[in-house]
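Fold and geometry: a report
This is what each chain is made of:
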Amino acid sequence: VCCRGGRDKRLYCISDGAARVLLSQSRMAVRVVCAGVRVFERLHESRDGAPSAWRACQEGVPLLVQLGLRRRLDMSLGLLTQLLQHRSIDRAALLAAAAAGDVHGIDALGRTASVSSNVADGPSAEEEAQQKEASLLSGSLAITLLRDGQNTETLPDEPVLALAALLTPR
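Please read all numbers here as calculations on a predicted model, not as lab measurements.

This part takes up the layout of surface pockets. Within this model, the largest pocket holds a volume of roughly 510 Å³. At five residues, strand β8 (residues 162-167) tops the list of elements feeding residues into the lining of the largest pocket. Within the lining of the largest pocket, the residues separate by chemical class into 13 nonpolar, two polar and four charged.

As structure tokens, this is what we get:
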């Protein structure tokens, strides 16, 4: 992964061979306008020392998935179609789909710490759903098509379809 110049808003992924060519020196200067696949783009500059927000770019998502991106959801065809038609899905519906088996990988989007309940018998189903929804971390992620009837852990990492998405607090 490299960036153009020192403070670019975009990060590109290039192969080892392309890196050697770009870093090589020659008698005649070669100007390379663009090289590589854009994988991340900065949404805004950081303020008061906070980290900048980055989003995954659509053209780089298949490569990021192959490289092992953890923030990845595998969705059933029906749910993915619904997402593409409506351009959004709320967190409660996403968690319900995960509970129904239409979404895999929802745990990769959450905080690892669990929230304790004041009830001695443990949290109710509604409280547990609210805690799970609150534990989802906002940010960029990849959405891939869930392959019906197949274990995704035994399949090659190359997705059939990969989309860039943004999980927001709403």
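Glancing now at a nonpolar patch on the surface. Together, Leu22, Leu23, Val30 and Val32 make up an exposed nonpolar region whose accessible area comes to about 410 Å². Here Leu23 lies in helix α1 (residues 16-23).

Three or more residues of helix α3 (residues 77-86) are buried, namely Leu79, Leu80 and Leu83. In an axial view of α3, the angular spread of the buried residues amounts to 100°, which keeps them on one side of the axis. Turned more than 90 degrees away from the buried face of α3, the exposed residues are Leu77, Gly78, Leu84 and Gln85. Elements in contact with the buried residues of α3: β5 (72-75), α4 (91-100), β6 (103-104), β7 (139-145) and β8. Once α3 finishes, Arg87 follows within two positions and takes phi at roughly 65°, a positive value.

The next point concerns unusual backbone geometry. Its identity as a non-glycine residue notwithstanding, Arg87 has a phi of 65°, on the positive side. Tracing the backbone shows Arg87 in the loop between α3 and α4.

The next point concerns α4. An α-helical turn contains 3.6 residues, so any two residues separated by three or four positions project in the same direction. Residues of α4 that are buried: Arg91, Leu94, Leu95 and Ala97. Each buried residue of α4 lies within a common arc of 160° when the element is viewed along its axis, so the set occupies one face. Among the exposed residues of α4, those oriented more than 90 degrees off its buried face are Ala99 and Ala100. Gly101 occupies a position one or two residues after α4 and carries a positive phi of about 90°.

To continue, consider the sheet that holds β5. In a beta sheet, neighbouring strands are held together by backbone hydrogen bonds and run either parallel or antiparallel to one another. Here four strands make up an open sheet; going across it, the order is β6-β5-β7-β8 and the pairing mixed. In this open sheet, the two strands that pair with only one neighbour each are β6 and β8. With four bridges connecting them, β5 and β7 associate as parallel partners. Residue Leu73 lies in a different strand from β7, and its bridge partner there is Ile143.

The rules behind the values
Residues numbered from 1 in each chain as written. Predicted model: local features only at pLDDT ≥ 70, side-chain atom pairs only at ≥ 80, totals over all residues. Heavy atoms only, no water. 1 Å grid on protein atoms, 1.4 Å probe; cavity = no way out; pocket = protein on both sides within 12 Å on 5 of 7 lines; lining within 4 Å. Points joined across faces, edges and corners; volume = space filled by probe spheres on them. Helix = DSSP H or I, 4+ residues; strand = E, 2+ residues; numbered from the N terminus. Nonpolar A, V, L, I, M, F, W, Y, C, P; charged D, E, K, R; others polar. Patch = residues over 30% accessible without salt bridge, like charges linked within 9 Å, V, L, I, M, F, W, Y side chains within 5 Å. Areas by Shrake-Rupley, 256 points an atom, 1.4 Å probe, with all protein chains shown as cover. Salt bridge = Lys/Arg side-chain N within 4 Å of Asp/Glu carboxyl O. Buried < 20%, exposed > 50% of the residue type's maximum accessible area, 1.4 Å probe, protein only. Arc of directions from axis to C-beta. Contact = heavy atoms within 4.5 Å. Pairing = 2+ DSSP bridges.

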